[in-house]
There are 2 protein chains.
Amino acid sequence: MSETTETQVIRDLIDRLARLNAAEDWNGPLNPSQFAALSYLARANRFSRAPSHVADYLITTRGTASQTLKALARKDLIIETRSETDKRSIRYDVTRNGTDVLQDTSGLTDVINDLDADVSEALASSLKALVLAMLQRRDGRPFGICRTCKHYRNTDADGFCQLLQVSLTKSESAQICHEHAEL
Amino acid sequence: MSETTETQVIRDLIDRLARLNAAEDWNGPLNPSQFAALSYLARANRFSRAPSHVADYLITTRGTASQTLKALARKDLIIETRSETDKRSIRYDVTRNGTDVLQDTSGLTDVINDLDADVSEALASSLKALVLAMLQRRDGRPFGICRTCKHYRNTDADGFCQLLQVSLTKSESAQICHEHAEL
DNA sequence: TTGCAATAGTTTCGACTCGCTACTATTAAT
DNA sequence: ATTAATAGTAGCGAGTCGAAACTATTGCAA
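Conventions and cut-offs
Residues numbered from 1 in each chain as written. Chains lettered and ligands numbered in written order. Predicted model: local features only at pLDDT ≥ 70, side-chain atom pairs only at ≥ 80, totals over all residues. Heavy atoms only, no water. Phe/Tyr/Trp six-rings, centres within 6.5 Å; stacked < 30°, edge-to-face > 60°. Helix = DSSP H or I, 4+ residues; strand = E, 2+ residues; numbered from the N terminus. Buried < 20%, exposed > 50% of the residue type's maximum accessible area, 1.4 Å probe, protein only. Contact = heavy atoms within 4.5 Å. Buried area = accessible area lost by both parts, 1.4 Å probe. Salt bridge = Lys/Arg side-chain N within 4 Å of Asp/Glu carboxyl O. Polar contact = N/O pair within 3.5 Å; in protein donor to acceptor, adjacent residues only side chain to side chain. Near = heavy atom within 4 Å. Nonpolar A, V, L, I, M, F, W, Y, C, P; charged D, E, K, R; others polar. Expected span 1.5 Å × (residues − 1). Arc of directions from axis to C-beta. Disulfide = S-S within 2.5 Å.

J.: I'd like a rundown of the packing of aromatic side chains, residues and numbers included.
T.: All names here are of chain A. One pass over the full model with this rule turns up 6 aromatic pairs over all chains. Both rings, one in Tyr-40 and one in Phe-143, keep their centres 5.7 Å apart while their planes meet at 90 degrees; by these two values the pair is edge-to-face. Highlighted residues: Tyr-40 in helix H2 (residues 32–43) and Phe-143 in the loop between helix H7 (117–136) and strand E3 (144–145), separated in sequence by 103 residues. Under the relative-accessibility criterion, Tyr-40 is labelled buried at 0%. Among the residues examined, Phe-143 registers a relative accessible area of 8% and is labelled buried. A centroid spacing of 4.9 Å and a plane angle of 85 degrees characterise the contact between Tyr-57 and Phe-143, whose relative ring orientation is edge-to-face. Linking Tyr-57 in helix H3 (residues 51–57) with Phe-143 in the loop between H7 and E3, this pair joins segments that are 86 residues apart in sequence. Across this residue pair, the class does not change: Tyr-57 and Phe-143 are buried.

Here it is in structure tokens:
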């Protein structure tokens, strides 16, 4: 008979919240994993759209990610592009159909929007601390948008990544990168 | 190209945290759903251990819950007891083996314990608000321990449930009930 | 009391996730 | 020139998931 501690309560709330969100996904054309993968691809920059990146983001194996991506490709929501420079790697881009599917508004989004600004800021910060601590234990990648990365340099119009040595458009600077590192 | 708003960030953090937690479960003898169901049963009172209650708690259907419970029963982690009063209903109790499996300490637990007391209290409260708001939309049951329920009455040694008209031991008053209602 | 309707749980189906292992192609390092 | 590392995939077995169809009870009304 386990005790129900404050910690256990938080664990349960996180799990239940994720399940409530997942249950909503099932109402749409995609299952929760497919939706999460598609949503990630739509926000990731062009250096972060490979199966292995999706696997890292979704905390799963390359094999599982590969299957999920193949399922999305079968549905014409994403399309694969083989790299010219490295013939092993593949990049998946979201199609027009794919962006349409992502328009579905979610109940969790509404509910989070109803929080007071200071509450949601505190929530984001606590959750981020938890995710980072969990990632550290398995050396997983944090992911994050270019503009907040230590390799990012602000130039006149656009941005520049010191790590990959490429310039980035304004739009790209707001995308998610698998190489993201805290300042 | 979806924008990544503060709300989207929180959604992603919740999803990733749940996935990080789930990934840990896979290292053990059970999959995440089985572990969640077993963990619930170990903390639920004797009126809340039926397949339909597990389904409500895990935000899934009775059919799915039934399958998961059968899988746990095959592994001798829970055992089914048919009710005398209502021959349709079944109660699953956690076996000795079941409680042993639950002893596994989780990384998420450690990480939550590392939070400052005031931070974790704020976190619990925000998450609870989100879960309640989500549940309201699908009239799902909140669940919670007897002692904090509006039907609970404190008696001399033990407690009493006004709704079910039964007296509760001290230990039972700390268990999860599917009939739980906010004060 | 008979006759439904609601409830509790199960089964089956098809699509898919999931970790795993084994495998192919390519690229990097010695 | 080997050998090792990396990127991605196929196939396996167990199991999740919702949905629909099904059995066995119990509740309710006319």
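Anyway, onward from the coordinates.
J.: Could you give an account of the interface of chain A and chain B, naming the residues involved and the relevant values?
T.: Listed by partner, the interface residues are 60 residues for chain A and 60 residues for chain B. When the buried surface of chain A facing chain B is broken down by residue, Arg-11, Arg-16 and Met-134 of chain A rank first, second and third, together holding 14% of it. Our enumeration of links across chain A and chain B arrives at 4 salt bridges. Two residues, Asp-110 of chain A and Arg-137 of chain B, come together in a salt bridge whose shortest N-O distance is 3.3 Å. Inspection of the chain A/chain B interface yields 21 residue pairs in polar contact (both at pLDDT 80 or more). Those elements that place two or more of their residues in the side of chain A that touches chain B are helix H1 (6–25), H2, H3, helix H5 (96–102), helix H6 (107–113) and H7 of chain A. For the side of chain A that touches chain B, the element with the most residues is H1 of chain A, which contributes 17 residues.

J.: Provide a residue-level description of the pattern of salt bridges, including the pertinent values.
T.: Oppositely charged side chains are able to pair whenever their charged atoms sit close together. In the structure shown here, the tally under the stated rule is 20 salt bridges over all chains. The salt bridge involving Arg-43 of chain A is made with Asp-12 of chain B; its shortest N-O contact spans 2.7 Å. In this pair, Arg-43 of chain A sits in helix H2 while Asp-12 of chain B sits in helix H1 (residues 6–25), so the two residues belong to two different chains. This pair shows no difference in class: Arg-43 of chain A is buried, exactly as Asp-12 of chain B is. Linked by salt bridges that have partners in common, Arg-49, Arg-91 and Asp-93 of chain A make up one network.

J.: An account of the side chain of Arg-16 of chain A is requested, with residue identities and associated values reported.
T.: Within the secondary structure, Arg-16 of chain A is located in helix H1. If near-sequence neighbours (up to four positions away) are discounted, Arg-16 of chain A is found in contact with Asp-56, Tyr-57, Ile-59, Val-131, Leu-135, Arg-141, Pro-142 and Phe-143 of chain B.

J.: Could you give an account of the protein's contact with DNA strand C, with specific residues and numbers?
T.: As a structural note, the neighbourhood of DNA strand C is formed by 28 residues, with Asn-31, Thr-60 and Lys-87 of chain A together with Ser-66 and Arg-88 of chain B the closest of them. Of all atoms in DNA strand C that approach within 4 Å of the protein, 71% are sugar or phosphate atoms. Between Arg-88 of chain A and DNA strand C, the recorded distance is 3.5 Å, taken from a side-chain N or O atom to a base oxygen. A distance of 2.8 Å separates a phosphate oxygen of DNA strand C from a polar atom in the side chain of Ser-52 of chain B. The greatest single-element share of the surface near DNA strand C, amounting to 5 residues, is contributed by helix H4 (residues 62–74) of chain B. Grouping the constituent residues of the surface near DNA strand C by class yields 5 nonpolar, 14 polar and 9 charged.

J.: Which residues make up helix H4 (residues 62–74) of chain A, and what values do they have?
T.: Residue and element names in this part refer to chain A. With 13 residues, H4 should cover 18 Å at 1.5 Å per step; its first-to-last C-alpha distance of 18 Å lies within 8% of that length. Of all the residues in H4, the buried ones are Ala-65, Thr-68, Leu-69, Ala-71 and Leu-72. Buried residues of H4, viewed axially, fall in a sector of 155 degrees; they line one side. Among the exposed residues of H4, those pointing more than 90 degrees away from its buried face are Arg-62, Gln-67 and Arg-74. If you follow the buried residues of H4, they end up packed against H2, H3, strand E1 (78–82) and strand E2 (90–94).

J.: Summarise the state of the cysteines; cite the residues concerned and give the values.
T.: Enumeration according to the criterion identifies 0 disulfides over all chains in this entry. Cys-146 of chain A carries a free sulfur, and the closest cysteine sulfur to it, the one in Cys-177 of chain A, is 4.9 Å from it. A relative accessible area of 8% places Cys-146 of chain A in the buried class. You can see Cys-149 of chain B has no disulfide; the closest cysteine sulfur is in Cys-161 of chain B, sitting 6.3 Å from it.

J.: Pulling in residues and values, what's your account of the protein's contact with DNA strand D?
T.: Taken together, 29 residues lie around DNA strand D, and Ser-66 and Arg-88 of chain A together with Asn-31, Thr-60 and Lys-87 of chain B are the ones closest in. One of the side-chain nitrogen or oxygen atoms of Ser-52 of chain A is found 2.9 Å away from a phosphate oxygen of DNA strand D. The side chain of Ser-66 of chain A places a nitrogen or oxygen atom 2.7 Å from a phosphate oxygen of DNA strand D. The set of elements that each furnish at least two residues to the surface near DNA strand D consists of H3, H4 and E2 of chain A together with helix H2 (32–43) and H4 of chain B. The greatest single-element share of the surface near DNA strand D, amounting to 5 residues, is contributed by H4 of chain A. Residues of the surface near DNA strand D, tallied by class, amount to 6 nonpolar, 14 polar and 9 charged.

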